[in-house]
Every structure is written in C-alpha cells, then in structure tokens.
Amino acid sequence: MALTLGRLSVNNGFRRSVHHMTLNSMKAQRFYTISKEERKSADPDKVLTEVVSRGAGGTVISERRGTVMVIGINRPEARNAVNQETAQRLTEELSAFDQDNNLNVAVLYGVGGNFCAGFDLKELAQSSGSLKLEQDVCRGPGPMGPSRMRLSKPLIAAVSGYAVAGGLELALLADLRVVEESSIMGVFCRRFGVPLIDGGTVRLPQLIGLSRALDLILTGRPVKAQEALTFGLANRVVPDGQALQVALELAEQVSAFPQLCLRADRNSAYHAVFDSSSFTQAMQYEFDHGLPVVVAEAVTGATKFSLGAGRGGTFSKSKL
C-alpha cells in the first residue's frame, strides 16, 4: 500500500506497445554481449510498436507474445498509482498468467514513464469508510492486488521512473527487476503514516538483508538505480527508456529454457528462503522435487549434449 506522487502529464508520443521479438538461442546469448552504445542507438520505435493490448482503455493493459505475457499498469496521469480497480485487474491478469500452460514468463511494467507510485492515497482519503481490505492473507488479494501471490512461474519487473511504497512492493513480487538509470525506489509511504501491508517487510529483508532493508524501511529515503544494483534490489541497470526492451529479451531467454527444470529450481529456492525450517528440510525438498525432472527433462538434455551441443557449440559459449 502506498502513496501517490501527484499527477504527471502523459507524453503524447508514448507508445503502448512492445516490439515483437522472437529470440533464438543466439539472440538470447547476444543479450549479454550487446554494447551500451548499441542500446543507446537503438530506435525506440522498433522496440515499442503496435501492440494490440487487451483492455487497452483500462487501468491495466496486457498482451501475449508467444510464451511471454506483458502486463502494463495504465494510469500514467497518477504515475500508475494503484486504485481498487487496478488492484483487481492486476490480480486477474497475473492469475490468468499463472494458470495458463502456454505461458512461461510474465513482464510487468508501468505505462508512461513510471513503474508505480503505490496505492492511490487520493482514493483512500475519499473512500476510507467504504474501503474493504481482506485481513486473511490466504483468502484474498492485498490492497495492491497480486502482492500476496506466490506465482509458480517467473515474473520480471521493468522499472522506470518511480517504484515506491506499494509500487516497490509490486516490484518485490517479481523474481527479477530491470531498472532504468534514473529510476527511484523507496518506502516513501513512511512520510504519510501508511504501513507496508503488501509484503514489503517480508520480501525486502530476504532479498537484500535485514540491515539494508531496515535502512530503507525506517528512513523512507530514495534509492537510485546503482545503489539498488549494489544492494541486489535491481538485477540489471539499463539506460532510460530501455527497461521494457531488456525485460522482454530476458523473458524470452528464460522462456527458452526447459521449463520443468527451471520451475523446480525456482520453487526450491523460494521454499528454502521462506518455508523450510532447517537446512535438512530444504535439501530434502530440493531433491524430492528435482528427481522427477531428471526423468522428464534431464535425460533428453544430456542426450542432446552428448550428441555435440556441448562440444564447441553454442551451449559451451553461452554466458549464463
């Protein structure tokens, strides 16, 4: 839950679209070697072009691109602050993604230059008497919508502009965060007496450590991209205007891997951090859930490797 940061005029030239990129394995590898100069010279019109988004006029827009789901918070006039309608739509979209067997990765971004300024405090001030929040975290969505979810597949946040308070909490829901150089993250709701009730005090300490998390939680100070990268709060820092492009490239790369193995490893990591009571229990969970994948995917992968994929081929050259 969070604050709004006032109103922002919508860039008339903003393009609510994403260039369709079908990356083969070589393109996925090139993502790690492309120079900063190449990215700076990239034509934005080739990256953000003609996406026909479902519900384009609503507070959340979405589109399927192969095995990747692209979801955008569409309230640029409020720096993408989340009201009740937006929270519901975000929950619906991410639930649909998680249940769709044809989708492997989702990308979450903000339309108009900001990721999300948190919960819409103007709506809170005007409708506090009628605002209904589900207290049981197992029975319903959080104030920000999907913040209580435990997705079974990867989510990548493309962070531009402000990702603060509840917006930071939404970014923490993602597995990876691609952050633009001028982006600002922080617990700005500290200034207005609004608590973190969308997972911020749960996910942030696990992600960056208790000491650093308390620094952000207690002070409410702004965190710039390079510091976020140092903390581990950001996974990639990219030039302004390129977070969505890079997030999509990363999503395509992750989506190209064998998915049973990837999800088993991902889920085991989450279990070890949040659910296991001991090292032994975490190790047992990893083995029990990894063993079926050996039969389902690893044997096929090993066979492919033995036939030459690992002898001077693209597999041995990939920068993982």
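Residues numbered from 1 in each chain as written. Predicted model: local features only at pLDDT ≥ 70, side-chain atom pairs only at ≥ 80, totals over all residues. Heavy atoms only, no water.

A. Fine view of the nonpolar core. Counting 47 residues, the largest nonpolar core has Leu 94, Phe 115 and Leu 233 as its most contacted members. The set of elements that each furnish at least two residues to this core consists of strand E2 (68-73), helix H4 (84-99), strand E3 (105-110), strand E4 (155-159), helix H6 (166-173), helix H7 (200-208), helix H8 (210-219) and helix H9 (225-231). If we skip the residues at most four places from it in the chain, Leu 94 touches Ile 71, Ala 106, Pro 146, Met 149, Leu 151, Leu 155 and Leu 173. Listed in part, the 20 residues of the second largest apolar core include Val 111, Ala 158, Ala 243 and Val 246. (Core = buried A, V, L, I, M, F, W, Y, C linked by side-chain atoms within 4.5 Å. Buried < 20%, exposed > 50% of the residue type's maximum accessible area, 1.4 Å probe, protein only. Helix = DSSP H or I, 4+ residues; strand = E, 2+ residues; numbered from the N terminus. Contact = heavy atoms within 4.5 Å.)

B. Representation of the packing of aromatic side chains within the structure. Here the structure, examined in full by the defined rule, presents two aromatic pairs. On the numbers, 6.3 Å between centres and 65° between planes, the contact of Tyr 162 with Phe 188 is edge-to-face. Of this pair, Tyr 162 sits in strand E5 (residues 162-164) while Phe 188 sits in the loop between strand E7 (184-186) and H7; the two residues are 26 residues apart in sequence, bridging distant segments of the chain. The exposure class assigned to Phe 188 is buried, which follows from its relative accessible area of 5%. (Phe/Tyr/Trp six-rings, centres within 6.5 Å; stacked < 30°, edge-to-face > 60°.)

C. Here's a closer look at the confidence of the model for the chain. In the predicted model, the chain carries a mean pLDDT of 81, and the fraction of residues at 70 or more is 75%. Segment residues 1-55 is flagged for pLDDT under 50; beyond a separation of four residues in sequence, or across chains, it makes 133 contacts in the model. (pLDDT = per-residue confidence, 0-100.)

D. Summary view of the pairing of strand E1 (residues 60-65). Counting buried positions over the six residues of E1 gives five, a clear majority of the element. Bridge count for E1 against E2 is six bridges, and the pairing is antiparallel. Its bridge partner being in E2, Ile 61 is matched across the sheet by Gly 72. Hairpin connection of E1 to E2: two residues between the antiparallel strands, including Gly 66 at a positive phi of 65°. (Pairing = 2+ DSSP bridges.)

E. Structural detail: unusual backbone geometry. Despite not being glycine, Asn 80 has its phi angle at roughly 60°, a positive value. You can see Asn 80 is positioned in the loop between E2 and H4.

F. Representation of the layout of surface pockets within the structure. There is about 640 Å³ of room inside the second largest pocket. Of all the elements in the fold, those that place two or more residues in the lining of the second largest pocket are H6, H7 and helix H11 (259-275). Per-class residue counts for the lining of the second largest pocket are 13 nonpolar, three polar and eight charged. (1 Å grid on protein atoms, 1.4 Å probe; cavity = no way out; pocket = protein on both sides within 12 Å on 5 of 7 lines; lining within 4 Å. Points joined across faces, edges and corners; volume = space filled by probe spheres on them. Nonpolar A, V, L, I, M, F, W, Y, C, P; charged D, E, K, R; others polar.)

G. The arrangement of the packing of H7 against H8 in detail. Following both chains from N to C, one finds H7 and H8 inclined at 135°, their axes separated by 7 Å at the closest point. When the axis of H7 is compared with that of H8, the two are oblique. Crossing hand, H7 versus H8: right-handed. Facing H7, whose interface residues are Thr 201, Leu 204, Pro 205 and Ile 208, H8 presents Leu 210, Arg 212, Ala 213, Leu 216 and Ile 217. Of the residues assigned to the contact of H7 with H8, the class counts are seven nonpolar, one polar and one charged. (Axes fitted to C-alpha atoms, helices over the stretch in contact; angles between N-to-C directions. Parallel < 35°, antiparallel > 145°, perpendicular 65-115°, else oblique. Left-handed = near helix turned anticlockwise from the far one by under 90°.)

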